[in-house]
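Summary of structural features
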Amino acid sequence: QVQLVESGGGLVQAGGSLRLSCAASGRTFSRYAMGWFRQAPGKEREFVARISWSGGSTYYTDSVKGRFTISRDNAKNTVYLQMNSLKPEDTAVYYCAAGNEISTWSGKYDYWGQGTQVTVSS
């Protein structure tokens, strides 16, 4: 079992930055691939970024490439999402997730956090 708690969301102006954190409980955090997803009002949940268990492999959806960076610190049981050059269309609830497989598909992730709101004003 893994419990995930996101933090770091908030209100920011377009062009600004936020750093999301996802703290995981349990001693097996380093065994899991981690992902960030987001869901905007009236839209389906979408993949944002994912990172392998070691941190050696990352992948991003096209709309955030060059602006967002996913990273992890296995010693701290934490995964991060650094978000720069934020745009109003990045407004959503952001969720972190843990799974046994590296994937962009939400169905491959077994554990989810409660989400943190990110609002980007124009």
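As a starting point, this report considers the structure included with it. Within every chain, residues take consecutive numbers counted from 1 along the sequence as written. Per-residue local features are limited, in this predicted model, to residues with pLDDT of at least 70; the limit for side-chain atom pairs, both in listing and counting, is 80 or more; totals at the level of whole chains, interfaces and linings are taken over all residues. Heavy atoms from the whole structure form the basis of all side-chain values; hydrogens and water molecules are not counted.

**Side note on the packing of aromatic side chains**
Geometry of aromatic contacts follows a simple scheme: Phe, Tyr and Trp rings, the Trp one being its six-membered ring, pair when their centres are within 6.5 Å, and the pair is stacked under 30 degrees between planes, edge-to-face over 60, tilted otherwise. Within this structure, the stated rule accounts for six aromatic pairs. Residues Phe47 and Tyr59 carry aromatic rings whose centres are separated by 6.1 Å and whose planes lie at 25 degrees to one another, so their mutual orientation is stacked. Pair noted here: Phe47 is in strand β5 (residues 46-51) and Tyr59 is in strand β6 (residues 58-60), with a separation of twelve residues, a long-range link. Judged by centre distance (6.3 Å) and plane angle (65 degrees), the ring pair of Tyr109 and Trp112 falls under edge-to-face. Whether a residue is buried, partly exposed or exposed follows from its accessible area with a 1.4 Å probe, protein chains only, as a fraction of its type maximum: under 20%, in between, or over 50%, in that order. We classify Tyr109 as buried; its relative accessible area is 4%. In this structure Trp112 comes out as partly exposed when scored by relative accessible area, which is 27%. Joined through ring pairs, the aromatic side chains of Phe37, Phe47, Tyr59, Tyr109 and Trp112 make up one cluster. Only DSSP runs of H or I covering at least 4 residues are called helices, and only runs of E covering at least 2 are called strands; the numbering of each starts at the N terminus.

**Considering unusual backbone geometry**
One non-glycine residue, Asn77, adopts positive backbone phi at about 55 degrees. By secondary structure assignment, the location of Asn77 is in the loop between β7 (68-73) and β8 (78-83). Since its relative accessible area comes to 18%, Asn77 is described here as buried.

Any functional reading would require information beyond the geometric quantities listed.
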